[in-house]
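# Residue-level structure breakdown
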Amino acid sequence: MSETAKKLCPACQCELTLASAAFPMGSAFAHERFHVDIYRCPQCDRVELFAAQEEEKVTCPVCGATHSPKEKCPICALNTAFSDHTHR
Ligand SMILES: [Zn+2]
Ligand SMILES: [Zn+2]
């Protein structure tokens, strides 16, 4: 992992901390999802979004969706949640 340029809060110039990396925006059902890194200012709680660094995507062998290796397949997670409910 390479350290990228520091993100500074536009309001108080405090260094933003990474709150969530490669957060998927939009519907889980969409084919192409936009990923953002969410940074938060520890001082004033301002939140800034940055386009996530493009990283290797893994292709889910079950549903064929591509997703970040850091997250579980969101499509399968949803399918599991739904089938869990129908089975019980
Ligand atoms: Zn701030
Ligand atoms: Zn899947």
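Here the structure is shown first, and the text comes after it.
All values derive from a computational prediction rather than experimental measurement. (Residues numbered from 1 in each chain as written. Chains lettered and ligands numbered in written order. Predicted model: local features only at pLDDT ≥ 70, side-chain atom pairs only at ≥ 80, totals over all residues.)

Okay, the sheet that holds strand S1 (residues 17-25) next. The strand order across the open sheet built from three strands is S1-S2-S3, with neighbouring strands paired in antiparallel fashion. Each of the sheet's edge strands pairs with one partner strand only, and the pair in question is S1 and strand S3 (47-51). Strand-to-strand twist across the sheet, computed as the mean angle between neighbouring axes with direction ignored, equals 30°. Sheet topology note: the strand S2 (residues 34-40)/S3 ladder contains five bridges and is antiparallel. Across the sheet, the residue bridging to Asp 37 is Phe 50, located in S3. (Pairing = 2+ DSSP bridges. Helix = DSSP H or I, 4+ residues; strand = E, 2+ residues; numbered from the N terminus. Axes fitted to C-alpha atoms, helices over the stretch in contact; angles between N-to-C directions.)

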